[in-house]
Amino acid sequence: MPKSILSVNAGSSSVKLTFYTTDNPPKEIANASVSGLTAPPPVLKYSRGGEKHKEKLNVELKHPPDAFKFLLKRCISDPQLSEVASAEDLEYICHRVVHGGDYAGAVVITDDTYGHLKDMEELAPLHNFSALEIVRVCKKELPHIKSVTFFDTTFHRTLPDYIKTYPLDPRISREKGLRKYGFHGISYSFILRSVSEFLGKPAEKTNLITMHIGSGASICAIKDGKSLDTSMGLTPLAGLPGATRSGSVDPSLIFHVTEEPGKLISAGEQEGQHRNITMAEAILNKSAGWKVLTGTANFAEIAVENPPTQNHKLAFDIIVDRILGYIGSYFVKLGGRVDALVFAGGVGENSALLRKRLVEESQCLGFAIDESANDKGPAKESVTEISKEPGKNPRVLICQTDEQFEMAHRCVCSKLEKASI
Ligand SMILES: Nc1ncnc2c1ncn2[C@@H]1O[C@H](COP(=O)(O)OP(=O)(O)O)[C@@H](O)[C@H]1O
Ligand SMILES: CC(=O)OP(=O)(O)O
Ligand SMILES: [Mg+2]
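A quick note: this is a predicted structure, and the numbers were derived from the prediction, not measured.

### Regarding the packing of aromatic side chains
- One pass over the full model with this rule turns up eight aromatic pairs.
- Geometrically, the ring pair formed by Y20 and F405 is edge-to-face, given 6.1 Å between the ring centres and 70° between the ring planes. One end of the pair, Y20, is in strand 2 (residues 15–21); the other, F405, is in helix 14 (residues 403–414), with 385 residues separating them in the sequence. Note on accessibility: Y20 and F405 belong to one class, buried.

### Some remarks on the pairing of strand 6 (residues 90–97)
- Burial analysis of strand 6 places seven of its eight residues in the buried class, which makes it a mostly covered element.
- Looking at chain direction, strand 1 (residues 4–10) and strand 6 are connected through six bridges and run parallel. Opposite N9, over in strand 6, you have R96 as the bridge partner.
- For strand 6 and strand 8 (residues 146–151), the ladder comprises six bridges, and the chain directions are parallel. Bridge pairing links V97 to F151 in strand 8.

### Describing the site of ligand 2
- If you check the shell around ligand 2, you find G11, S12, R96, H127, D152, F183, H184, G216, M232, P236 and R245 and nothing else.
- The contact in question runs from an oxygen atom of ligand 2 to an N or O atom on the backbone of G216, over 3.4 Å.
- The contact in question runs from an oxygen atom of ligand 2 to an N or O atom on the side chain of R245, over 2.8 Å.
- Starting from 260 Å² of accessible surface for ligand 2 in isolation, the protein chains cover 94%.

### A word on the UniProt feature "binding site: ATP" (unreviewed entry) in the protein
- The positions UniProt marks with the feature "binding site: ATP" (unreviewed entry) are K16, H212, I213, G214, S215, G216, G346, V347, G348, E349 and N350.
- One can find G348 in helix 11 (residues 345–350).
- Residue classification places G348 among the buried residues on the basis of a relative accessible area of 1%.
- Other than its neighbours up to four places away in sequence, G348 contacts I213, F343, R355 and I398.
- Examined against the element boundaries, E349 turns out to sit in helix 11.
- A residue is classified by how much of its surface remains accessible, and E349, at 14% relative accessible area, is buried.

### Some remarks on the UniProt feature "active site" (unreviewed entry) in the protein
- According to UniProt, the positions carrying the feature "active site" (unreviewed entry) are D152.
- Residue position: D152 is located in the loop between strand 8 and helix 4 (161–164).
- In this structure D152 touches R96, V97, V98, G182, F183, H184, G185 and I186, once residues within four positions along its chain are discounted.
- Polar contacts involving the side chain of D152 include one to the main-chain amide nitrogen of H184, which spans 2.7 Å.

### Focus: the domain arrangement of the protein
- When cut into domains, the protein gives domain 1 (4–151), domain 2 (202–252 + 282–403) and domain 3 (253–281).
- One C-alpha centre belongs to domain 1, the other to domain 2; they are set 26 Å apart.
- The interface is formed by 14 residues belonging to domain 1 together with 13 residues belonging to domain 2.
- Counting the surface lost from both domain 1 and domain 2, the interface buries some 990 Å², and carbon and sulfur atoms represent 52% of this.
- For the pair domain 1 and domain 2, the interface holds one salt bridge.
- The residue E403 makes a salt bridge to R96 at a minimum N-O spacing of 3.4 Å.
- Viewed at the interface, domain 2 and domain 1 are joined by three residue pairs in polar contact (both at pLDDT 80 or more).

Cut-off values and rules
Residues numbered from 1 in each chain as written. Chains lettered and ligands numbered in written order. Predicted model: local features only at pLDDT ≥ 70, side-chain atom pairs only at ≥ 80, totals over all residues. Heavy atoms only, no water. Phe/Tyr/Trp six-rings, centres within 6.5 Å; stacked < 30°, edge-to-face > 60°. Helix = DSSP H or I, 4+ residues; strand = E, 2+ residues; numbered from the N terminus. Buried < 20%, exposed > 50% of the residue type's maximum accessible area, 1.4 Å probe, protein only. Pairing = 2+ DSSP bridges. Near = heavy atom within 4 Å. Polar contact = N/O pair within 3.5 Å; in protein donor to acceptor, adjacent residues only side chain to side chain. Areas by Shrake-Rupley, 256 points an atom, 1.4 Å probe, with all protein chains shown as cover. UniProt positions renumbered as here; feature names shortened; annotations may be inferred. Contact = heavy atoms within 4.5 Å. Domains from an automatic or database assignment. Buried area = accessible area lost by both parts, 1.4 Å probe. Salt bridge = Lys/Arg side-chain N within 4 Å of Asp/Glu carboxyl O.

Here's what the structure looks like:
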């Protein structure tokens, strides 16, 4: 029986699993996700063939590894999913690990690569700990299956020195690897390939201002098919606010919020492994963002025509303001030569209201939206044009990004055999 590929995407508020064939391009066999981990109850979505199922779960799934085990069991025990009747039917498991440090490409997990990734997990406290815990579970329970990790950071290896360097003591920065790494790169690779195909341009001649707005939100300036600048930094905390993240604030602010910014507190325990983070990281990553302003992590309740409270309106206006700041800055950095403004991620793909506000407020740069196309939202294809005058630059597009597909695609293209660094 042909083998399949499992792609695992542990985000900050969701875990998404997709099974693919090993064809090139891979074909989706089934997709299962749990969202709302930071806004319980968690919601399960499951699709196989033409069938779709959605339910609110009454089990407690607080951490991504719990959601992963729940989803894997659910898929393997589905009698209709004959292609994956047992874990032995898998050829590869692809894992999204957001922080890959200096790794230049995907790596096959060995004791060495796993150890190296564990050493830098505090650089992405909301993500790497959980993702690596999922990698560990897979290595323990499915030892014969090749686990491959793909990194958000790889796409941003083209950031010029003057953009990735922080103006700090160069010796300390070098020793500790302190620089801008950037994130959501697996998504930006998918977006660049899909959008350049849509525009009929070679990727290496495509210039985009592209947003990945989900529970974690970032924006990237792509020049000639390469990441020129992006809003996240050393960690995914920098740049835009997210569901529970502050985004960039005055670095001194934390000393006014708490008297014990460096105090270590537990960020949870999984399978006997303890994880500590500083009070500063906990506050800025987990007790901030639009959830702390409004009480909801669900942006769909904030991006509404009639916000239920002043704080909902304020949270929406803050996001709009911060994104506009980057659109303006990246438009200038790209010398005004922008093929398209691209919306992606759970919020970017689903919130017509956010897209409308952002495009209206950046019309001085030449962006314009077709309201009815915008209200309809994404079509079946990966890229949907919502420009007022389709075909005229700069265009406005929605891209249904797919990090799981991007990983599976790269797996079948390169048939990874050994670790690369
Ligand atoms: N219709 C909608 N309008 C606005 N936001 C939405 C809508 N549907 C989903 N979202 C938001 O998308 C976010 C999740 O995005 P996603 O990219 O899947 O998350 P993650 O960061 O976990 O990968 C959540 O904050 C959710 O509220
Ligand atoms: C890097 C990051 O914030 O990822 P996500 O949006 O999936 O949480
Ligand atoms: Mg995500």
